[in-house]
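Descriptive structure summary
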Amino acid sequence: MSFEKLGLIKPLLGAIKELGYQHPTTIQKRAIPLVLAKSDIFATAQTGTGKTAAFALPILQRLRKTEATEDRAVKAVILSPTRELSIQIYEDISNYAKHMKVECAVLVGGKDIVSQQKAMKKGVDIIIATPGRFLEHIENGLKINSVEVLVLDEADRMLDMGFTKDIRKIHPLLPKKHQTLLFSATYSDKVRKLSKLVLRSPAFLETSKKNSTVDTINQIAYMVDTTRKAELLAYIIGSRNFPQVLVFTRTKVSANELFEELKKDGLKCGLLHGDISQAKRLKTLNEFKEMKVRVLVATDIASRGLDIEELPFVINYELPSVPEDYVHRVGRTGRAGRHGEAITLLDIYEKYDVRDIERVIGQKIPQETVEGFEPDPTIRRKDQEDLKLKSEHKKPQKKKARHFSKNTSGVETKKTRTSKKRRTTKRD
Ligand code: AMP
């Protein structure tokens, strides 16, 4: 994996090369695509993992898009616990941004506010600050209504140092739609509480103690017809003798259906989704942990924050609606550097959606078939005939068309693009 593959722009690639960085670190590989995709992040990463570049590089890339607009409004704020760390971050960012026109300011105690205000007169793009001093600047008229990204670096230390109140005051003053990236060396209760307040559907990245990366997980996708997915799932679990497996569906309805199917196959199953009471969910989870339940069928939302250690296998029965959820799902396996395997069952309708996921994780998921479960090639033909008919008669056939995002040659057409858009809206 190279920095180029992460989709970084030339001025940043040049700077990285000059600094002698050859390959992105684990946290960089995982965080950069997510930050570029505007996802909130909760990352446990210590100093020395390359975390500064993990947030600084994609932030700089995002700022570049607004560079042409002459306004120099504050677009990114990085809060750090100490003066020293703030200065270190400033120096790192200056190095990464050496081929870009970006203005940064460090706002820490020890210097008077007025001189700091004067230094910012021409406007700044990025502010690196300690929470207390940043708040003082806001109270003295610093405009923060254009902020797009907030970074809380070493959040656990900031909280230990008594900055909780300041952060809680700052957060609601920022524009509602900003992105927040939280980095912490530890996963304490205090940090967890703060994360609930400031993060929206965050991607969880654990790179310090647990060293879990998408890279260390064996990923494979099996192409199969929609109608044979449950059968293939039962076959995989049985033939490979999986002792414990977490299976993800995209919706509550399909979780219910799959649960019933697997039960019929004689598998001991548990079910987790939003319509199931918290008490029942906890009971199921405990049974799963105690190995009384072999297959746990879950939706993405229900599985958030599940505390299951070192799960060897995760199966994506259906792709998630949001590509970043794939990272959450497979992040449940291969923890603590152990072997983990993530299997995705892919039908023809999901074949193209998988590309969005590959973009987010920065790697290709190999696609194979299982003997006896090869997709029926005529299904593709039938659907294409439907699509052809649709374009000839210009009759809306919503159900069929929504399955297509591209034609067989892989070339996206205007018509198919429209159907893709419609489908996304429907899912959301
Ligand atoms: P940090 O975790 O941000 O404190 O970074 C620790 C050190 O690693 C700093 O000196 C960075 O310059 C350096 N560093 C960050 N990313 C890389 C990389 N991809 N390759 C080599 N060194 C790096």
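All of the points below concern the structure found in this document.

1. What about the overall build of the chain?
The secondary structure content of the chain amounts to 18 helices and 14 strands. A fraction of 74% describes how many contacts in the chain between residues 6 or more apart in sequence connect residues 24 or more apart. Carbon and sulfur atoms provide 50% of the accessible area of the chain, an area that totals close to 21,100 Å².

2. Examining the packing of helix α2 (residues 26-36) against helix α3 (residues 51-64)
Taken N-terminus to C-terminus, the directions of α2 and α3 make an angle of 25°; their axes are 8 Å apart at the nearest point. Taken together, the axes of α2 and α3 are roughly parallel relative to one another. Here the hand of the crossing between α2 and α3 comes out right-handed. In contact with I27, Q28, A31, I32, V35 and L36 of α2, α3 contributes K51, A53, A54, L57, P58, I59, Q61 and R62.

3. Some details on the pairing of strand β5 (residues 149-152)
Taking every second residue as pointing to the same face, both faces of β5 are buried, with V149 and V151 on one and L150 and L152 on the other. Where strand β2 (residues 76-79) meets β5, four bridges bridge the pair, whose relative direction is parallel. Each residue of the ladder has a partner; that of V77, found in β5, is L150. Judged from the four bridges that link them, β5 and strand β6 (residues 179-184) form a sheet pairing that is parallel. Counted as the bridge partner of V151 is L181 from β6.

4. Digging into the pairing of strand β8 (residues 217-223)
Within β8, six of the seven residues are buried, which leaves the element mostly enclosed by the surrounding structure. Note that β8 and strand β13 (residues 340-346) share seven bridges and pair parallel. Its bridge partner being in β13, A221 is matched across the sheet by T344. By the bridge criterion, two bridges tie β8 to strand β14 (residues 367-368) in an arrangement that is parallel. Each bridged residue has a counterpart across the sheet, and for Y222 the counterpart in β14 is E368.

5. As for the side chain of Q116
Structurally, Q116 can be placed in helix α5 (residues 113-119). Reaching out from Q116, the side chain makes a polar contact with the side chain of H137 at a distance of 2.8 Å. For Q116, the contacting residues outside a window of four places in its chain are V106, L107, V108, K111, R133 and H137.

6. A word on the nonpolar core
If you look at the biggest cluster of nonpolar residues, it comprises 55 residues, and the most contacted ones within it are F55, L57, I59, L60, I93, I126 and L181. In terms of residue count, the dominant contributor to this core is α3 (eight residues). Of the residues that make up this core, three or more belong to each of domain 1 (4-206) and domain 2 (217-382). When neighbours within four sequence positions are excluded, I126 is seen to be in contact with I59, L60, L63, A76, I78, I93, V102, E103, C104 and A105. Counting 30 residues, the second largest nonpolar core, distinct from the first, contains F134, I167, L174 and V198.

7. Some remarks on the sheet that holds strand β9 (residues 245-249)
Note: strands within a sheet are paired through backbone hydrogen bonds, in either parallel or antiparallel orientation. Spatially, seven strands are ordered β10-β11-β9-β12-β13-β8-β14 in an open sheet, and the strand pairing comes out parallel. Only two strands of the sheet have a single partner each, and these edge strands are β10 (269-272) and β14. Relative to β13, strand β12 (residues 313-316) runs parallel, the two being bridged by four bridges. For I315, the partnering residue across the bridge sits in β13 and is I343.

8. Points about the packing of aromatic side chains
Aromatic ring pairs are reported here in terms of the distance separating the ring centres and the angle at which the planes meet. Tallied over the full model, the rule gives five aromatic pairs. Note on Y235 and F373: the rings are 5.3 Å apart at their centroids and 40° apart in plane angle, and the pair reads as tilted. Taken as a pair, Y235 in helix α10 (residues 229-239) and F373 in the loop between β14 and α16 (377-393) lie far apart in primary sequence, 138 residues in all. Between F242 and F313, the ring centres sit 3.7 Å apart and the planes meet at 15°, which makes this aromatic pair stacked. You can see F242 sitting in the loop between α10 and β9 and its partner F313 sitting in strand β12, a full 71 residues away along the chain. On the basis of relative accessibility, which here comes to 1%, the residue F242 falls in the buried class. On the basis of relative accessibility, which here comes to 12%, the residue F313 falls in the buried class. The cationic tip of K229 hangs over the ring face of Y317; the distance from NZ or CZ to the ring centre is 5.7 Å.

9. Quick notes on the pattern of salt bridges
With the rule as written, the count across this model stands at 19 salt bridges. Notably, a salt bridge pairs D275 with K252, separated by 3.2 Å at the nearest N-O pair. Separated by 23 residues along the polypeptide, D275 in the loop between β10 and α12 (278-289) and K252 in helix α11 (residues 252-264) bring together distant segments of the chain. Across the pair K292 and E290 runs a salt bridge, and its minimum N-O distance is 3.0 Å. Several salt bridges share partner residues, and in doing so they unite K51, D153, E154 and R157 into one network.

10. A closer look at the sheet that holds strand β1 (residues 41-44)
Pairing is parallel in the open sheet, where seven strands are placed in the order β3-β4-β2-β5-β6-β1-β7. Looking at strand neighbours, the two that pair on one side only are β3 (104-107) and β7 (203-206), the edges of this open sheet. When strand polarity is set aside, the average angle formed by the axes of neighbouring strands in this sheet is 15°. Direction of pairing for β1 relative to β6: parallel, over a ladder of four bridges.

Cut-offs used in this document
Along each chain, residue indices are assigned from 1 in the same order as the chain's sequence is written. Given that the model is predicted, a residue must reach a pLDDT of at least 70 before its local features are reported, and side-chain atom pairs must reach 80 or more before they are shown or counted; all residues, however, enter totals for whole chains, interfaces and linings. Here the side-chain values reflect all heavy atoms present in the structure, with hydrogen atoms and water set aside. Secondary structure is summarised from DSSP: a helix means a run of H or I of at least four residues, a strand means a run of E of at least two, and numbering begins at the N terminus for each. The contact criterion used throughout is that any non-hydrogen atoms of two residues lie within 4.5 Å. Every accessible area reported is derived by Shrake-Rupley at a probe size of 1.4 Å, with residue values counting cover from the shown protein chains alone. The axes used here are C-alpha line fits, helices contributing only the stretch in contact, and every angle between their N-to-C directions lies in the interval 0 to 180 degrees. Working rule for angles: under 35 degrees goes down as roughly parallel, over 145 as roughly antiparallel, 65 to 115 as roughly perpendicular, anything else as oblique. Crossing handedness follows the turn of the near helix against the far one: under a right angle anticlockwise gives a left-handed crossing, and clockwise gives a right-handed one. Type-normalised accessible area, obtained with a 1.4 Å probe on protein chains alone, sets the label of each residue: buried when under 20%, exposed when over 50%, and partly exposed for intermediate values. Any two strands with at least two DSSP bridges between them are considered paired. Polar contact is defined as a pair of N or O atoms within 3.5 Å, subject to the rule that within protein one atom must be able to donate a hydrogen and the other to accept it, and that residues adjacent in sequence are counted only when both atoms are side-chain atoms. What we call a nonpolar core is a set of buried Ala, Val, Leu, Ile, Met, Phe, Trp, Tyr and Cys residues that are connected through their side-chain atoms within 4.5 Å. An automatic or database domain assignment provides the domain bounds reported here. Centres within 6.5 Å make a pair out of two Phe, Tyr or Trp rings, where for Trp the six-membered ring is used; the pair is then stacked when the planes are under 30 degrees apart, edge-to-face when over 60, and tilted otherwise. Only when the NZ atom of a Lys or the CZ atom of an Arg is both within 6 Å of the ring centre and within 35 degrees of the ring normal do we say a charge sits over the ring. Any Lys or Arg side-chain nitrogen located within 4 Å of an Asp or Glu carboxyl oxygen qualifies as a salt bridge.

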